[in-house]
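Residue-level structural notes
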Amino acid sequence: MGPLYLGGRFQEAASGARFPVLNPATGEVLAQVARGGPEDVDRAVALARKALEGSWGRTTPDERGRLLYRLSELIEAHADALAALEALNVGKPYTEARTADIPLAAQHFRYFAGWTTKWSGEVLPVSFPGEHLAYTRREPVGVVGAITPWNFPLLIASWKLAPALAAGCAVVLKPSELTPLTALYLAELVEEAGFPKGTVSVIPGLGEEAGAALVAHPGVDKISFTGSVEVGKAILKKAVDSLKRVTLELGGKSPNILLEDADPKRVLKGVLFASFFNQGEVCAAGSRLFVPKAKLDATLELLVEEARRIRQGHPLDPRTQMGPLVSKEHMERVLGYIEKGKEEGAELLLGGERNPEAGPGFFVQPTLFLAEDQHTIAREEIFGPVLTVLPYEDLEEAVRRANATRYGLAAGVWGQDLRRALKVAHRLQAGTVWVNGYLLLDATSPWGGYKESGLGREMGRYALEHYTEVKSVWVNLG
């Protein structure tokens, strides 16, 4: 699983270089992976262009659908191995990967397989003098550079590959250098499914090398990126040079609002899941919990009590509920935010330290703070198991404060009065709002953010918009 996947073959990087991939639960090296660079990107783009002009470009919509559906079946058949790789490489519990990440990835390929024969243009009722036939065609945007993050490697790769391939594009996938293993395994399944050579390439490598080369390449027509706001902005600036199409799914600091009629005991598990799922390494994590002051003490008591029970340990242990963070560098970043919270006067309620009892890797305890809006931990994306509780007086205030952020990816509302909860949901500035639930995802439902949380949408039919160009055709019938 070390070589990169290029033109239907697994091979070493042009430079011959490799880089280590670690197991975050132990800090040990899992694999040595090919370190792709600009020359590999050049070859991948050339092969993608050749596939578009040849066998892949001639593939019928029905056949594209069959290939995508076959890939979904292969993902399901290899689900155990894929989940184990995600657990070992990312640090997420195997049970979560097996029940969430892998089935959802398969669902995306299956869902978009159905769109290949249904995404069409239309005949236009034009009024230009004379007799004309005017219609539109939806054509693939071309070669897509897909750059994916380390927290959901296989799932987010499916968010990009499935609609791009359904639309008829060719894709060069650059997975995170921290977690490239399931992307390389997926390449094996792409090969087994029978996609034409060059349709999909997988180039693991560093962002500043392979990623930058992909963004700057004149033969790449579109970039789809998921990651940090700062990198997203840099990509957008670079893409201006060639006016590449760009979609960005970036960060978040998502509010989770308990209404006055919410029963803390009933919503407790959902609130903790919103913040601590996948070790808090989730762009949509509900890391700002707004609680009515009248219910603050009871809510805090229940949160602390339940969070203490979260079991940390090796990701392959079926009893594990929370694994390690992805790397030593990221662990130190999260611990730095925790220290900043203490320094600025936020009240630490639980955790706040490494957890060596869970293992020798990069474990950080589930952490709870009682905080204020001006605290850094209540404003900036931490991307770790840190939940900030923010008391509020009235609902108007809560909504205003929830929206007072540069982000707008997701939000949650909890309460028994559904009418009131929906009114709040409609006022929140977020691409997705969950009511009495959190992190509910489906291939049919669009995903993306307001404000600095991104541009465009992943998933659902909305994603297809970003992988096609609309062409108008006029025929003079006079």
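Attention in this report is confined to the structure presented alongside it. Position labels on residues start from 1 in each chain and follow its written sequence. With pLDDT at 70 or above as the cut-off, local features in this predicted model cover only qualifying residues; side-chain atom pairs require 80 or more to be listed or tallied, and sums for whole chains, interfaces and linings still use all residues. Values shown for side chains rest on all heavy atoms present in the structure; no hydrogens or waters enter the calculation.

What about the environment of D101?
Note that D101 resides in helix α4 (residues 94-113). With a 1.4 Å probe rolled over the protein chains alone, any residue whose accessible area is under 20% of its type maximum counts as buried; one over 50% counts as exposed, and the rest are partly exposed. Among the residues examined, D101 registers a relative accessible area of 2% and is labelled buried. For the pair D101 and E86, spaced 15 residues apart in sequence, the C-alpha to C-alpha distance is 8.8 Å. Every residue pair with non-hydrogen atoms within 4.5 Å of one another is taken to be in contact. Excluding residues that lie within four positions of it along the chain, D101 makes contacts with E86, K92, E96, F152 and L155. Distance and chemistry together define a polar contact, namely a pair of N or O atoms within 3.5 Å, with one atom able to donate a hydrogen and the other to accept it when in protein, and with adjacent residues in sequence counting only for side-chain atoms on both sides. One polar contact links D101 to K92, side chain to side chain, over a distance of 2.5 Å. A run of DSSP states H or I qualifies as a helix once it reaches four residues; a run of E qualifies as a strand once it reaches two. Both are numbered from the N-terminal end.

A closer look at the pattern of salt bridges
Salt bridge, as used here, is a side-chain nitrogen of Lys or Arg placed within 4 Å of a carboxyl oxygen of Asp or Glu. Taken as a whole and judged by the stated rule, the model has 29 salt bridges. Ionic pairing is found between R43 and D40, a salt bridge with its closest N-O pair at 2.8 Å. Residue R43 and its partner D40 are both found in helix α1 (residues 38-53); the two are separated by 3 residues, about one turn of the helix. Through salt bridges with shared partners, one network takes in E230, K233, R406 and E452.

Remarks on the nonpolar core
Nonpolar cores are built from buried Ala, Val, Leu, Ile, Met, Phe, Trp, Tyr and Cys residues. Side-chain atoms within 4.5 Å join them into one set. If you look at the biggest cluster of nonpolar residues, it comprises 125 residues, and the most contacted ones within it are L71, I75, L161, F195 and W447. Residues in contact with L71, not counting those within four places in the same chain, are F109, L186, L189, V190, A193 and F195. Of all hydrophobic cores here, the second largest spans 29 residues; its members include L259, A346, I382 and V413.

Thoughts on a nonpolar patch on the surface
To count toward a patch, a residue needs a relative accessible area above 30% and no salt bridge. Like charges then connect within 9 Å, nonpolar side chains (Val, Leu, Ile, Met, Phe, Trp, Tyr) within 5 Å. Method for areas: the Shrake-Rupley scheme with a 1.4 Å probe, in which residue coverage is limited to the protein chains shown. A contiguous nonpolar surface patch, about 310 Å² in accessible area, is contributed by V123, L133, V475 and L477. Among the structural elements, L477 can be located in the segment after β19 (468-476). A relative accessible area of 45% places L477 in the partly exposed class.

Side note on helix α11 (residues 328-343)
Compared with an ideal rise of 1.5 Å per residue, which puts 16 residues at 22 Å, α11 spans 22 Å between its outermost C-alpha atoms and is within 8% of the ideal. Looking at α11, one finds that the buried residues are H330, M331, V334, L335, Y337, I338 and G341. Seen from one end, α11 has its buried residues packed into an arc of 150°, which puts them on one side. Exposed positions of α11 whose direction lies more than 90 degrees from the buried face are E329 and E343. In the core, the buried residues of α11 are packed alongside β14 (367-370) and β15 (386-392). Where α11 terminates, the next one or two residues include G345, which has phi positive at roughly 100°. By this rule, a helix spans an expected 1.5 Å times one less than how many residues it contains. The directions considered for the arc run from the helix axis to the C-beta atoms.

A short note on unusual backbone geometry
We note that N278 has phi near 55°; this positive angle belongs to a residue other than glycine. In this fold, N278 is placed in the loop between α9 (264-276) and β12 (288-292). Judged by its relative accessible area of 1%, N278 is buried. In this model, F383 sits at a positive phi of 60°, which is unusual for a non-glycine residue. Look at F383 and you get buried, because its relative accessible area is 16%.

Observations regarding the environment of R379
Checked against the element boundaries, R379 lands in the loop between β14 and β15. Taking C-alpha positions, R379 is 28 Å from G211, a pair spaced 168 residues apart along the chain. Aside from chain neighbours lying at most four places away, what touches R379 is K253, D373, Q374 and Y407. Of note is the side chain of R379, whose polar atom sits 3.1 Å from the backbone oxygen of Q374.

A short note on the side chain of Q312
The topology assignment puts Q312 in the loop between α10 (296-308) and α11. Polar contacts involving the side chain of Q312 include one to the side chain of N355, which spans 2.9 Å. Separated by 2.8 Å, the side chain of Q312 and the backbone oxygen of V364 make a polar contact.

Some remarks on the packing of helix α2 (residues 61-77) against α4
Only the contacting stretch of a helix is used when fitting its axis, a line to C-alpha atoms as for every element, and angles between N-to-C directions run 0 to 180 degrees. Between α2 and α4, the shortest axis-to-axis distance is 7 Å and the interhelical angle comes to 165°. Here α4 runs roughly antiparallel to α2, going by the angle between their axes. For the element pair α2 and α4, the recorded crossing hand is left-handed. Within the contact between the two elements, α2 uses G65, L68, Y69, L71, S72, I75 and E76 and α4 uses I102, A105, A106, F109, R110, F112 and A113. Orientation is classified from the angle alone, with under 35 degrees giving roughly parallel, over 145 giving roughly antiparallel, 65 to 115 giving roughly perpendicular, and any other angle giving oblique. Helix crossings fall into two classes, left-handed where the near helix is turned counterclockwise from the far one by less than a right angle and right-handed where it is turned clockwise.

Concerning the environment of E177
With respect to the helices and strands, E177 occurs in the loop between β7 (170-174) and α6 (181-193). A relative accessible area of 25% means that E177 is categorised as partly exposed. Taking the C-alpha atoms as reference, E177 lies 18 Å from C283; in sequence the two are 106 residues apart. Leave out the neighbours within four places in its chain, and E177 touches F19, V21, G205, L206 and G207. Engagement of the side chain of E177 in a polar contact is seen with the side chain of K174, the distance being 3.4 Å.

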